[in-house]
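Residues per chain are reported as follows:
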Amino acid sequence: MQRIENIKLATLCDEQNDYGLIADAVVIIDNESIYWAGNALEAPATPSADIIDGAGQLLTPALIDCHTHLVWAGSRANEFAERLHGKSYAEIAEQGGGIASTVRATRQASFTELLQLAEKRARTLMAQGVGTIEIKSGYGLDLTNERKQLQVARELGRRLPLTIKTTLLAAHALPPEYQNDADGYIDHIVTTILPSLVDEGLVDAVDAFCEKIGFSVAQTERVFEAARQHGLPVKLHAEQITNQHGAELAARYQALSADHLEQLDEDGVKAMAESGTVAVLLPGAFYFLRDEQVPPIDLLRQYRVPIAVATDANPGSSPIHNLQLMLQMGATLFRLTAEECLRGVTVNAARALGIEHEYGHIKAGMKAHLALWDVNDPAELTYQFGVNPLTTLWLNGVVHDHANTR
């Protein structure tokens, strides 16, 4: 048993969009879980516990990156340079670049090569206080290589103390084998890729890219229906470039989340509010693609849609492996409050993965995924960037030296 004393505690338990801050707190860990958390004056006696002096620092839940594409090979630096010369992301994709170029590199890479690359990225996130990462496939686009990506993600969860959640994103783009047959590829996903990988225990959720350069609402719904038949929750890349009303479709299927959402309209917001679907905002992609249309933050607030924030770590539109930076970008680019930003990478990020009963806030019975920060005010986690204030990270109750996670 561990007893963390002399800390400020941000429980993130309050539903009023605040920190749930306790100025003088104690948290008691028993094995992998939180045994007790609250005001120091009310803490139970624990004579046999190991005492940890928090030195007046801030304890929060370990951070959660609820949208990443962490397993890939290759580089898209040349496409970045092309965009600086005026080409759009959509134009590059139409010319065989974009996702297709990463698919080629990922298919050619071995399992071991992909694991080495992904582990380095995951350790970088872990060193910033991240304890849980969602990892999508979508750079294989056939059974063999979608399997390879998800197997790498599962292996990361065995190698590292992180909690890894896997999402099948086979409906990410058209593979070369189906360039003129989108419906045929959807058939292949629902009849072969999805059932095979579900049977192998590799899939926690199912996602799709519903967009003019991706898949139509009707095609996306076929994927969602197949996921429902297999008892899997769904997520959706929605309303990033154009408004295809994908968020409304996601809401009809009680999706865990709809992500990006720059082009989301009020009908989509209402639908998400009614279904409890989390809005996952990805300021890194907004920044990297130099977008101008900001997600409808005021509408999301008005209808009380939970807002999460994630890196979208991927080689094409957000080659960023820094969730702390997303807190700052969420505030400066999207005008989120500091409280909304921290909730976006803790409690609401947990909701976006369907794990809010174990992760994302601090109370008795939750998993002991905790981060201790050398800051005086929780707002400092959003205010500053380029300095890592993390001092201690607990994952499942075990202390990990973040300096050695890189």
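None of the values given here were measured: they were computed from a predicted structure.

Rules behind the numbers
Residues numbered from 1 in each chain as written. Predicted model: local features only at pLDDT ≥ 70, side-chain atom pairs only at ≥ 80, totals over all residues. Heavy atoms only, no water. UniProt positions renumbered as here; feature names shortened; annotations may be inferred. Helix = DSSP H or I, 4+ residues; strand = E, 2+ residues; numbered from the N terminus. Buried < 20%, exposed > 50% of the residue type's maximum accessible area, 1.4 Å probe, protein only. Polar contact = N/O pair within 3.5 Å; in protein donor to acceptor, adjacent residues only side chain to side chain. Contact = heavy atoms within 4.5 Å. Salt bridge = Lys/Arg side-chain N within 4 Å of Asp/Glu carboxyl O.

Caption draft 1: Region of the structure containing the UniProt feature "binding site: Fe(3+)" (unreviewed entry) in the protein chain. The feature "binding site: Fe(3+)" (unreviewed entry), as given by UniProt, occupies H67, H69, H237 and D312 in the numbering adopted here. These residues run over 246 residues, yet every pair of their C-alpha atoms falls within 12.2 Å of each other. Position of H67 relative to the elements: it lies in the loop between β6 (63–65) and α1 (77–84). Judged by its relative accessible area of 0%, H67 is buried. Side chain to side chain, H67 and H69 meet in a polar contact 3.1 Å long. With residues near it in sequence (within four places) discarded, H69 still touches K136, S137, Y139, L169, H172, H237, D312, A313 and N314.

Caption draft 2: Local environment of the side chain of T220. With respect to the helices, strands and loops of the structure, T220 is situated in helix α7 (residues 217–229). Setting aside residues no more than four positions away along its own chain, T220 makes contact with A208, C210, F215, L236 and L249.

Caption draft 3: Molecular detail of the pattern of salt bridges. Applying the stated criterion to the full structure yields 17 salt bridges. The partner of K136 in a salt bridge is E134, and the shortest N-O contact between them spans 2.6 Å. K136 sits in the buried class, given a relative accessible area of 1%. In this structure E134 comes out as buried when scored by relative accessible area, which is 0%. Note that E225 and R228 form a salt bridge whose closest N and O atoms lie 3.8 Å from each other. Taken together, the residues span about one helical turn, with E225 and R228 both in helix α7 at a distance of 3 residues. Among the charged side chains, a network of salt bridges with common partners joins E119, R123, E155, R158 and R159.

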